[in-house]
Amino acid sequence: MDLFLQYMANGVVIGSTYVLVAVGLTLIFGILGVVNFAHGEFYMIGGYAGIVAITVLKLPVLPAIAFVLLVAAVVGIAAEAILHKPMKNHDATSSIISSFGLAVALQNAALVVMGPQPQRLNLDVSKIPVLSSLPTDFGPVFLPQQRLLIPIATVLLIAILYVVLRYTWTGRGLRAMAQHATVARLCGVRVERVAIVTFITGAALAGTAGMLMSSVFFVYPIVGNMIALKAFTVVILGGMGNVAGAAVAGLLLGITESLTSAYISNAMRDVVGFVFVILVLLFRPQGLFGKAVERS
Amino acid sequence: MRVYLIALLAFAGLAVAPFGIGGYETNVLMMVLFFVILAVGLDLVTGYCGQFSFATGAFYGIGAYTAAIMTRDFNTTIWVHLPAGAIVAGLFGLLLGIPALRLKGHFLAIVTIAFQTIVYLVISQWTSFTGGQVGLPMPNAGPVTVFGVTLFEFGSLRSYYWLTLAMTALTLLISWRLVNSRLGREWVAIRDDETLASAVGLDTTRGKLTAFVAYAALAGVAGVLTAHSLRGVTPDDYTIWISATVVAMMVVGGRGTFIGPILGAVFLAILPELLGKFAEYKMLIYGVLLVLVVTLMPEGVVGRLRARAAR
Amino acid sequence: MTAPILEARGITKRFGGVVAVNDASLTVGKGQIVGLIGPNGSGKSTMVNLVSGELMPNEGTFLFNGTDITSLPSHRRARLGMARSFQLLRLFHSLSVEDNLLLANHMRMKASIAASIFGRSSAREEEQRARARARELLAWFDLQDFADRPVSALSIGQQRMVEIARGMMSEPSLFVLDEPAAGLSPPNVDKLIQLVRRLRDEFGVSILLVEHVMRVVRDLCDHVVVLDSGVKIAEGAPDAVVKDPVVIEAYIGTGWKRRAQG
Ligand SMILES: Nc1ncnc2c1ncn2[C@@H]1O[C@H](COP(=O)(O)OP(=O)(O)OP(=O)(O)O)[C@@H](O)[C@H]1O
Ligand SMILES: [Mg+2]
């Protein structure tokens, strides 16, 4: 029983990263209709940016986070310019191919710049003010601060996102676009800006996830492949474009994987999610939480 | 008829090529041929039938591992492996074709990526069956015997090259016949408008499944040939990057044209050889090229030239 | 009335909360031209999609020549002799006009796919015959000069004709036309009327015709069914239906008068 709770906790930590990556992915799809196969690379870049900021530039934690966000913003803007702006008059397959091409290019750029060996961020939590004072034992569950930070940050970021979407002009513009792009445009929503903001948001969420995880797991050039697939799994389970669905599905996937590797076999951990997603796509393409729609 | 004549001349040229070039170049040519088979195969399902697949590396690997595992367990030769690889990969193609019956566009693309990843996980982790990360060794292709009489051995590079060339010619001929048959026309109809295709009485289920099977079987054949040529298999030869490479070959050459993916495969497979010490950047270049071509010239080089000529 | 070729009995189709077709029934007799009219959004196209098998009804049955086809997918219905056109034109846009027609004849071909792949003479000859027939039909529609052109090179009016020629190429016994006059100029509408009549008179095809242009309906239809919000509100001879107060009521505010006079 005690171990079970520990596995659950581990699942929540992993699941939180999936949520961060998946929410950006689902936003970009929901608002812009772009299926971003390069989203895992946002995560990878966030991880490397964190490592560079802390171990190479020797920045303290907060400026390091600012650095990661800055890098993410640049990546987001560039990705929008490549994947969204020029693709308006192209068919859907072209945008699939181009984001896939971008993913391959970014992975190999990382390979050239950072090398193939996996790297990890050595974060000395004892030096970080608030974080070092957090507890690490919760009854039978032990969570070092680096891990604890991940669900906390996820909750914070999703809360901020929610407030922004709900109560700001930009947020309304985003939601209007998600409802109906043409009408939104007619109502004065500046589509170009919305597109850029959406990509930056997606890149920032995934980049933050990458940075946070880099102190727990290794970062390597193709780390994004697996993460992106997991995020797609989550997005599909949650219903394409559904942010709340992605949050629930992300946690579910994390927990399922953690329990699978604990009680069935570690080798099955990654396969489980994919098999599940193929089944969902076949039998409930609208996602676990979506409503059925027929298109004419 | 002119097409067959040109093809015949090209193959005659390729057949005498090993006499003029060294062993390294012959190996490069052989690899070009593997990619030609892969790219033409992908074009059947994606270019003609409009069904996306990022799983070429998986079917390629399934063909290769079929050869390696059969060699280990049954001590069979390439003559058994070629049909076996095509059949096993074709069956998996059928399996992947089933989601395609219900899914379109990005959903299908995601499923094929998941399939590619699962196959990679299986061949790299199921150590007792596939050799895991280390892979499996294979002896060379062995002798050709007819009624117990050995005609010749595929031990030499040259004879194996000729076998590869003959198989390439055969797969191209089959593909050419396919796309110019009634079935090929139905594939294009499904790509253009699936609803309309079934409204005019076409069985879209049959159309999509046959396209997937043909694609997967061709990749399986390429896999068998590759496994024998490399004298073994390792999982890292059959990753999603192979899928990406083949997509790039097809897209750069021109989706839905016959000659486009062939030229794309030749160009992109030889490119790293021309890059010298920059060859390690080849995947980076493929990625960038994919983005550029699909953005600026989505119909590919051959597609663009055709459109020019038609005007 | 002649024996029915198509019978729709108590058809209901819901999209989420919307009931697009509500317990509607209609019958097309052999050799008849039956009109299906109604205001915008009244469920006509939905009915067409249900008849052709692109959508499946929630309730009700379809009989075709007396056999139940309710659960057949659209390609099976096409093979039984049902052809259709689409409200928003649909053609295989990367293919030539002739190939568009040829595809509609694939299901009638006897040679096996394998024979076609191996280029056997039986398959080649059959295809040659189909191509000849496609050319004949195109000539009938005055489109013979466009046979080798890509369909995208044709005007909207010509593309509509290709759609109808395509339907005829499949040798149908029932042809379902969804607003064939949409987007046609008045002279072309006249041509269309003559054409549809000839389809029936010369080829013996029964026709289910969805149409907004009342002139077409009055000139062509033997019988008219009126839908409003998915419910059948009237049926009968065209002239009687047009005067029916219930029908006029349904159309008020949706430009009925303008259309009735058009
Ligand atoms: N796929 C669908 N999903 C949801 N609602 C639909 C769908 N197709 C049609 N509807 C709804 O069903 C109703 C009937 O639509 P339909 O297209 O059948 O009308 P129609 O009579 O053909 O109209 P028009 O004259 O404009 O062609 C409309 O309210 C429409 O919004
Ligand atoms: Mg309609």
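Shown above is the structure to which this text applies.
Residues numbered from 1 in each chain as written. Chains lettered and ligands numbered in written order. Predicted model: local features only at pLDDT ≥ 70, side-chain atom pairs only at ≥ 80, totals over all residues. Heavy atoms only, no water.

Digging into the overall build of chain B
Part 1: For chain B, the count of helices and strands is 14 helices and 4 strands.
Part 2: Against the globule reference of 19 Å for 311 residues, chain B gives a C-alpha radius of gyration of 19 Å, in line with a compact fold.
Part 3: Across its three principal directions, the C-alpha atoms of chain B cover 55 × 45 × 45 Å.
Part 4: The 311 residues of chain B split such that 59% are buried.
Part 5: Considering only contacts within chain B whose residues lie at least 6 apart along the sequence, 77% involve residues at least 24 apart.
Part 6: Accessible surface for chain B amounts to roughly 12200 Å². Of this, 71% is attributable to carbon and sulfur atoms.
Part 7: Across chain B, the mean location of the 19 positive side-chain charges is 8 Å away from that of the 14 negative side-chain charges. (Helix = DSSP H or I, 4+ residues; strand = E, 2+ residues; numbered from the N terminus. Rg over C-alpha atoms; globule rule 2.2 N^0.38 Å. Buried < 20%, exposed > 50% of the residue type's maximum accessible area, 1.4 Å probe, protein only. Contact = heavy atoms within 4.5 Å. Areas by Shrake-Rupley, 256 points an atom, 1.4 Å probe, with all protein chains shown as cover. Lys, Arg positive; Asp, Glu negative; His and termini not counted. Charge placed at Lys NZ, Arg CZ, Asp CG, Glu CD.)

Observations concerning the overall build of chain C
Part 1: Helix and strand counts for chain C stand at 11 helices and 10 strands.
Part 2: The globule rule puts the C-alpha radius of gyration for 262 residues at 18 Å, and the 19 Å found for chain C is close to it.
Part 3: With the C-alpha coordinates of chain C rotated into their principal frame, the extents come out at 60 × 40 × 35 Å.
Part 4: Counting the 262 residues in chain C, one finds 55% classified as buried.
Part 5: Partitioning the intrachain contacts of chain C with sequence separation of at least 6 by distance along the chain shows that 66% fall at a separation of at least 24.
Part 6: For chain C, the exposed surface amounts to about 11000 Å²; the carbon and sulfur share of it is 50%.
Part 7: Taking the average place of the 32 positive charges on the side chains of chain C and the average place of its 29 negative ones, the gap between the two points comes to 2 Å.

Some details on the sheet that holds strand β3 (residues 33-37) of chain C
Residues and elements named next belong to chain C.
Part 1: Judged by pairing direction, the sheet is mixed, and its 6 strands sit side by side in the order β6-β7-β8-β3-β9-β10 without closing on themselves. Strands at the two margins of the open sheet, each flanked by one partner only, are β6 (82-84) and β10 (231-236). The sheet shows a mean angle of 15° between the axes of neighbouring strands, direction not considered.
Part 2: When strand β7 (residues 174-178) meets strand β8 (residues 206-210), the two strands line up parallel, connected through 5 bridges. (Pairing = 2+ DSSP bridges. Axes fitted to C-alpha atoms, helices over the stretch in contact; angles between N-to-C directions.)

Topic: the site of ligand 1
Part 1: What surrounds ligand 1 is a group of 16 residues, the closest being Gly41(C), Lys44(C), Ser45(C), Thr46(C) and Gln87(C).
Part 2: In this structure, ligand 1 is bordered by residues of chains A and C.
Part 3: Between ligand 1 and the protein, one listed contact pairs an oxygen atom with a side-chain N or O atom of Asn40(C) at 2.9 Å.
Part 4: About the coverage of ligand 1: the protein hides 71% of its 630 Å² of free accessible area.
Part 5: When residues in the shell around ligand 1 are grouped by element, the largest group, 3 residues, is from helix α1 (residues 44-52) of chain C. (Near = heavy atom within 4 Å. Polar contact = N/O pair within 3.5 Å; in protein donor to acceptor, adjacent residues only side chain to side chain.)

Considering the environment of Gly171(A)
Part 1: Note on placement: Gly171(A) falls in helix α7 (residues 169-179).
Part 2: Between the C-alpha atom of Gly171(A) and that of Leu229(A), which follows or precedes it by 58 residues, the distance is 27 Å.

Some words on the environment of Ala78(C)
Part 1: Tracing the chain through its elements places Ala78(C) in helix α2 (residues 74-80).
Part 2: For Ala78(C) and Glu211(C), which are 133 residues apart along the polypeptide, the C-alpha to C-alpha distance reads 22 Å.
Part 3: When near neighbours in sequence (up to four residues on either side) are disregarded, Ala78(C) contacts Ser198(B), Ala199(B), Val200(B), Gly201(B), Met107(C) and Arg108(C).

Description of the sheet that holds strand β2 (residues 18-29) of chain C
Backbone hydrogen bonds are what pair the strands of a sheet, in a parallel or an antiparallel way.
Residue and element names in this part refer to chain C.
Part 1: Across the sheet, 4 strands lie side by side as β2-β1-β4-β5; this open sheet has antiparallel pairing. Here the strands that pair on one side only, and so sit at the sheet edges, are β2 and β5 (67-68).
Part 2: Where strand β4 (residues 59-64) and β5 come together, 2 bridges link them in antiparallel fashion. When the sheet's bridge partners are listed, leucine 63 is paired in β5 with aspartate 68.

Observations concerning the coordination of the magnesium ion (ligand 2)
All names here are of chain C.
Part 1: In this structure, Ser45 (OG) and Gln87 (OE1) serve as the protein donors to the magnesium ion (ligand 2), at separations of 1.9 to 2.1 Å. One end of the pair, serine 45, is in helix α1; the other, glutamine 87, is in the loop between β6 and α3 (97-105), and 42 residues separate them in sequence.
Part 2: By relative accessible area, serine 45 is classed as partly exposed at 22%.
Part 3: Judged by relative accessible area, which is 33%, glutamine 87 ranks as partly exposed. (Donors = N, O, S within 2.8 Å, 3.2 Å for Na, K, Ca; no water.)

Focus on a nonpolar patch on the surface
Part 1: Taken together, the side chains of Met1(B), Val3(B), Tyr4(B) and Leu173(B) make up a nonpolar region of the molecular surface, amounting to roughly 410 Å² of accessible area.
Part 2: Along the chain, Met1(B) turns up in the segment before α1 (2-20). (Patch = residues over 30% accessible without salt bridge, like charges linked within 9 Å, V, L, I, M, F, W, Y side chains within 5 Å. Salt bridge = Lys/Arg side-chain N within 4 Å of Asp/Glu carboxyl O.)

Section: the interface of chain B and chain A
Part 1: Each partner contributes to the interface: chain B provides 34 residues, whereas chain A provides 40 residues.
Part 2: Across the contact surface, chain B and chain A share 2 residue pairs in polar contact (both at pLDDT 80 or more).
Part 3: Here the residues of the side of chain B that touches chain A sort into 26 nonpolar, 6 polar and 2 charged. (Nonpolar A, V, L, I, M, F, W, Y, C, P; charged D, E, K, R; others polar.)

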